[in-house]
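Letter by letter, the chains look like this.
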Amino acid sequence: MKDAGGENAIQPEFVAHTLDKLAAQDAMFTVDTGMCCVWGARYITGTGQRKMLGSFNHGSMANAMPMAIGAALSHPDQQVIAMCGDGGLSMLLGDMATIFQYKLPVKLIVFNNRSLGMVKLEMEVGGMPDNETDMVNPDFAMIANAMGYPGKNVHKPEEVEQAIKDCLDYKGPYLLNIFTNPNALALPPKIEFEQLLGMTKSMAQLMLGGKLQEAMDTVKSNYKHLKDLI
């Protein structure tokens, strides 16, 4: 994974790729509905022993952490990793206390893009500029500390690998709050013309609305995927 991103804009693909490389061969992954589901499906390698749990039929939000709690209780000897979005984690912050109360060694990997990423993408593909999808988050690492276990903020790509190693090696619950690129898109294998038209409309509306930088950042963050698809 060559493109690691920048400060406070770490590429989520790079995070998932690094996590895949460092996780146990029989790890159990849970993925929040939305972008984390995509990154998990694309970058977590199946080994025949690993399992991935998600809300694949119903598409319920905030499922990764409670699923990880259940997985840790039923499989206490296996590594359990929850790939959480910041929106999903925010919805069930109280469950962080449950993890500590039952001393569950769940690893919470937060893909913190400060937005409801999949909702934002769906609006843009539909031809609308995103509206009310930005998240004003608390410091999740501080919340983990308040709950009784380690939490760490990761702002730079070069910090990611060691931070994930430290998290996975810790004998107990641990939260990594990784500041990922809010403009990274989960592009489908094949782009339909209507989707391309909708995205073009939404980017044009962003620029006309004074958000030229956001539109440019979106293009720069995803041109590598567009080259493969066009």
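In what follows, the structure referred to is the one given above.
Here the structure is a predicted model, which is why all the values come from computation and not from measurement.

## Some details on the nonpolar core
If you look at the biggest cluster of nonpolar residues, it comprises 29 residues, and the most contacted ones within it are M83, I109 and L176. Among the secondary structure elements, those contributing two or more residues to this core are α1 (12-22), β3 (28-31), α2 (35-43), β5 (80-85), β6 (107-112), α8 (160-169) and β8 (174-179). Beyond its immediate stretch of four places on either side in the chain, L176 contacts L108, I109, V110, K152, V154, A163, I164 and C167. Core analysis: the second largest hydrophobic core is formed by 22 residues, I69, A71, I99 and L104 among them.

## Let's talk about the packing of α1 against α8
Here α1 crosses α8 at 45°, and the two axes come no closer than 10 Å. Considering the angle they form, α1 stands oblique to α8. As α1 runs across α8, the sense of the crossing is right-handed. The segment α1 lies against α8, with F14, V15, T18, L19, K21 and L22 engaging V160, E161, I164, K165 and L168. Of the residues in the contact of α1 with α8, the class split is seven nonpolar, one polar and three charged.

## Quick word on a nonpolar patch on the surface
The grouping of M61, M91 and L92 at the surface amounts to a nonpolar patch, some 260 Å² of accessible area in total. Considering the arrangement of structural elements, one finds L92 in the loop between α4 (86-91) and α5 (95-101).

## A look at the sheet that holds β3
The six strands lie next to each other as β4-β3-β5-β6-β8-β7, forming an open sheet whose pairing is parallel. Only two strands of the sheet have a single neighbouring strand rather than two, namely β4 (51-54) and β7 (151-154). Along the sheet, successive strands turn relative to each other by an average axial angle of 20°, direction set aside. Pairing of β5 with β6, which is carried by five bridges, proceeds in the parallel orientation. Paired with G85 across the bridge in β6 is F111. Against the sheet, α1 makes contact with β3, β5, β6 and β8, and its axis sits at roughly 160° relative to β6, the strand it touches most. Sheet strands touched by α2: β3, β4, β5 and β6. Its angle to β5, the strand with the most contacts, is close to 135°.

Criteria and cut-off values
- Residues numbered from 1 in each chain as written.
- Predicted model: local features only at pLDDT ≥ 70, side-chain atom pairs only at ≥ 80, totals over all residues.
- Heavy atoms only, no water.
- Core = buried A, V, L, I, M, F, W, Y, C linked by side-chain atoms within 4.5 Å.
- Buried < 20%, exposed > 50% of the residue type's maximum accessible area, 1.4 Å probe, protein only.
- Helix = DSSP H or I, 4+ residues; strand = E, 2+ residues; numbered from the N terminus.
- Contact = heavy atoms within 4.5 Å.
- Axes fitted to C-alpha atoms, helices over the stretch in contact; angles between N-to-C directions.
- Parallel < 35°, antiparallel > 145°, perpendicular 65-115°, else oblique.
- Left-handed = near helix turned anticlockwise from the far one by under 90°.
- Nonpolar A, V, L, I, M, F, W, Y, C, P; charged D, E, K, R; others polar.
- Patch = residues over 30% accessible without salt bridge, like charges linked within 9 Å, V, L, I, M, F, W, Y side chains within 5 Å.
- Areas by Shrake-Rupley, 256 points an atom, 1.4 Å probe, with all protein chains shown as cover.
- Salt bridge = Lys/Arg side-chain N within 4 Å of Asp/Glu carboxyl O.
- Pairing = 2+ DSSP bridges.

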